[in-house]
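# Coordinate inspection notes
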Amino acid sequence: MSPVAPEVGMVVIQPTGFCNIDCAYCYLPNRNDKHVMAQATVKRLFSELFSSGWASPRITVVWHAGEPLVVPPSFYREAFATIEALRPKSVEVAHSFQTNGMLINAEWCKLFLDWKVGVGVSIDGPRELHDANRRMRNGSGTFDRTLAGIRTLRREGVPFHVISVLGRKSLDMADELLDFYTEEGIDHVCFNVEESEGSHISELMEEADRQVRYAAFLRRFWHRARENGRIQFVREIDLAIQRIFRPEEVATRNIQTEPLAMLNVDSRGNVSSFSPELLGLRNVDYGDYLFGNIDRDSLAKIHDNCVRSALMRDIQAGVDACAATCDYFSVCGGGAPVNKLSENGSFASTDTGYCALTQKVPTDLILEAYDQLERGTVEPSPTMMATALTGPLPVSRTP
Ligand code: SF4
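The shown structure was predicted, so the numbers you read here are calculated from the model rather than taken from an experiment. The numbers attached to residues start from 1 for each chain and follow its sequence in the written order. At least 70 in pLDDT is required for a residue's local features to be given in this predicted model, at least 80 for side-chain atom pairs to be given and counted, and no such filter applies to totals for whole chains, interfaces and linings, which use all residues. Side-chain measures were taken over the full set of non-hydrogen atoms in the model, leaving aside hydrogen atoms and water.

### As for the site of the ligand
In this text, near means that some heavy atom of the residue lies within 4 Å of the molecule or strand in question. The local shell around the ligand consists of Cys322, Cys326, Phe329, Cys332, Gly334, Gly335, Thr350, Asp351, Cys355 and Lys360. Counting from the N terminus, the helices are the DSSP runs of H or I reaching at least four residues and the strands are the DSSP runs of E reaching at least two. Looking at the shell around the ligand, the elements with two or more residues in it are helix H12 (329-332) and helix H14 (353-375). For this classification, Asp, Glu, Lys and Arg are treated as charged, while Ala, Val, Leu, Ile, Met, Phe, Trp, Tyr, Cys and Pro are nonpolar and the rest, including Gly, are polar. Classifying every residue of the shell around the ligand gives five nonpolar, three polar and two charged.

Take a look at the structure:
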């Protein structure tokens, strides 16, 4: 039987592995590698993708990891034009950058505006939190240059969001983070918890009370953000609301567990899938997690290698175990494979500290707020009103 055709929803491209800084929690082993992707590789990748018919009607292309802005704007202008020329009318392409913000200037802003690029800036909050981990190779902090980049985006009218990595200390500083964002006019916020990935061991994930502390942090931040009214979007809450209060017949899609739903490509054309963090890592059981090279192999061959791999088999076993045992499966869809491997030593596993913080805590907070709303003990916000009215909950409660 031939395998089910994939639906590629996201293409994650490393235009270079190089990063101009050296964060304490970075898992990337190749962040000194200055190789830059050839334009011919961009052309070949999107020729294969669009001719395969496997692209979703709307795909996101994420230029990510190392630092995408160490490659000049001219690289992206050429690459975007190539992709646009190849793009079928039935497929929308949205470009997105995740950057440390230090190199942002007016030229970059023009590119972002010209191509409607989604921009995410990594800043961990006020200076004391940010500079604790996000440093240059000589150990100096990067806060001033990152903040200068954010102010340039605001001055040039470029929409953006920030991603802040939360470590042990940040969890006691919800108010300080909120005050920082509002003072800097930052109104779209995403939190990443510091994870154990690759060779990096997260101190947060070693803490026994991390789930209770993270819940207290997120509850405080969310409630204060609603009072303050200047934060428009908190990813951990707003995306979880969409997943929880969706129509019952709509299944949650977890693109980290579907073969080639995430197409992850490094600067030399090597292709991986599932969690993008796997690209560049190695493991005794799975080797380099690669399924081929887009300069040499067809996408059909790469897909075939993927679905026949031990990696696919074990990730699916983990998803099946999640489906059989976890009350949160309908909102989570089986978690992040890289975290299962890093924390449990196996893809064929279920609970992780990461899923407790990123799936269970937000779900419980939202259901807690829904209960309060139903009992009339809390004033509804516009978002809660809209989402609370859309139908029955597709997730069961844990006691
Ligand atoms: S929350 Fe954790 S255990 Fe539950 S489905 Fe997600 S990954 Fe699996």
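### What to know about the packing of helix H2 (residues 73-86) against helix H3 (residues 106-114)
At a minimum axis separation of 10 Å, H2 and H3 run at an interaxial angle of 15°. Taken together, the axis directions place H2 and H3 in an arrangement best described as roughly parallel. For the pair H2 and H3, the crossing hand works out as left-handed. In contact with Pro73, Tyr76, Arg77 and Phe80 of H2, H3 contributes Glu107, Trp108, Lys110, Leu111 and Asp114. In this description, a line fitted to the C-alpha atoms serves as the axis of each element, helices being fitted only across the stretch in contact, and the angle between N-to-C directions of two axes falls anywhere from 0 to 180 degrees. Orientation is classified from the angle alone, with under 35 degrees giving roughly parallel, over 145 giving roughly antiparallel, 65 to 115 giving roughly perpendicular, and any other angle giving oblique. Crossing handedness is read from the near helix: turned anticlockwise from the far helix by less than a right angle, it gives a left-handed crossing, and turned clockwise, a right-handed one. Residues are treated as being in contact if the distance between any of their heavy atoms lies within 4.5 Å.

### Some details on the packing of helix H8 (residues 210-228) against H14
Remark: H8 packs on H14, axes separated minimally by 10 Å, with the N-to-C direction vectors making an angle of 45°. In terms of their interaxial angle, H8 and H14 are classed as oblique. The two elements H8 and H14 meet at a crossing, and its hand is right-handed. Touching Arg210, Gln211, Tyr214, Ala215, Leu218, Arg219 and Trp222 of H8 are Gly353, Ala356, Leu357, Lys360, Val361, Pro362, Leu365, Ile366, Glu368 and Ala369, all from H14. Counted by class, the contact of H8 with H14 contains eleven nonpolar, two polar and four charged residues.

### Details of the packing of aromatic side chains
Each Phe, Tyr or Trp ring, with Trp reduced to its six-membered ring, pairs with another whose centre is within 6.5 Å; inter-plane angles below 30 degrees give stacked pairs, above 60 give edge-to-face pairs, and intermediate values give tilted ones. Per the stated rule, a full pass over the model turns up 26 aromatic pairs. Seen from their ring centres, Trp63 and Phe75 are 6.2 Å apart, and the 85° between their planes marks the pair as edge-to-face. Taken as a pair, Trp63 in strand S2 (residues 55-63) and Phe75 in helix H2 lie far apart in primary sequence, twelve residues in all. Exposure classes here rest on a 1.4 Å probe applied to the protein chains alone. A residue is buried below 20% of its type maximum, exposed above 50%, and partly exposed in between. Using a relative accessible area of 0% as the deciding quantity, one classes Trp63 as buried. Owing to a relative accessible area of 7%, Phe75 belongs among the buried residues under this scheme. Ring centres of Phe75 and Tyr76 lie 5.1 Å apart, and the angle between their planes is 85°; this geometry places the pair in the edge-to-face category. Through successive ring pairs, a cluster of aromatic residues spans Trp63, Phe75, Tyr76, Phe80, Phe97, Trp108, Phe112 and Trp115. Placement of a positive charge over a ring is assigned whenever Lys NZ or Arg CZ falls within 6 Å of the ring centre and within 35 degrees of the normal to the ring plane. It is Lys34 that lies over the ring of Phe18; its NZ or CZ is 4.9 Å from the centre. Sitting over the face of the ring of Trp222, Arg226 holds its NZ or CZ atom 5.5 Å from the ring centroid.

### A short note on the nonpolar core
Val11, Phe46, Trp63, Phe97, Phe112, Tyr181 and Phe221 are the most contacted members of the largest nonpolar core, which totals 100 residues. The dominant element in this core, judged by the number of residues it contributes, is H14, at eight residues. Not counting residues within four places of it along the chain, the set of residues in contact with Trp63 comprises Ile13, Pro15, Pro68, Phe75, Tyr76, Ala79, Phe80, Ile83, His95, Ser96, Phe97 and Gln98. Here, nonpolar core refers to any group of buried Ala, Val, Leu, Ile, Met, Phe, Trp, Tyr and Cys residues whose side-chain atoms link them within 4.5 Å.

### Considering the confidence of the model for the protein chain
As a per-residue measure, pLDDT reflects the predictor's confidence and takes values from 0 up to 100. On average, the protein chain scores 90 in pLDDT, and the residues at 70 or more come to 92%. Taken together, the stretch residues 382-399 has pLDDT below 50 and engages in 39 contacts with residues farther than four places along the chain or on a different chain.

### Looking at the pairing of strand S5 (residues 161-166)
In terms of residue burial, S5 counts as a mostly covered element, since five of its six residues are buried. Each pair of strands is called paired provided DSSP finds at least two bridges between the two strands. As judged from the three bridges shared by strand S4 (residues 118-122) and S5, these two strands associate in the parallel manner. Residue pairing across strands places Val121 opposite Val162, the latter belonging to S5. Of the pairings in the sheet, the one linking S5 to strand S6 (residues 188-193) comprises five bridges and is parallel in character. Looking at the pairing, Val162 lines up with Val189 of S6. A right-handed crossover is one whose linking path, passing over the helix from the first strand to the second, runs clockwise when the strands point away from the viewer. Following the chain from S5 across helix H6 (residues 174-183) to the adjacent parallel S6, one finds a crossover that is right-handed.

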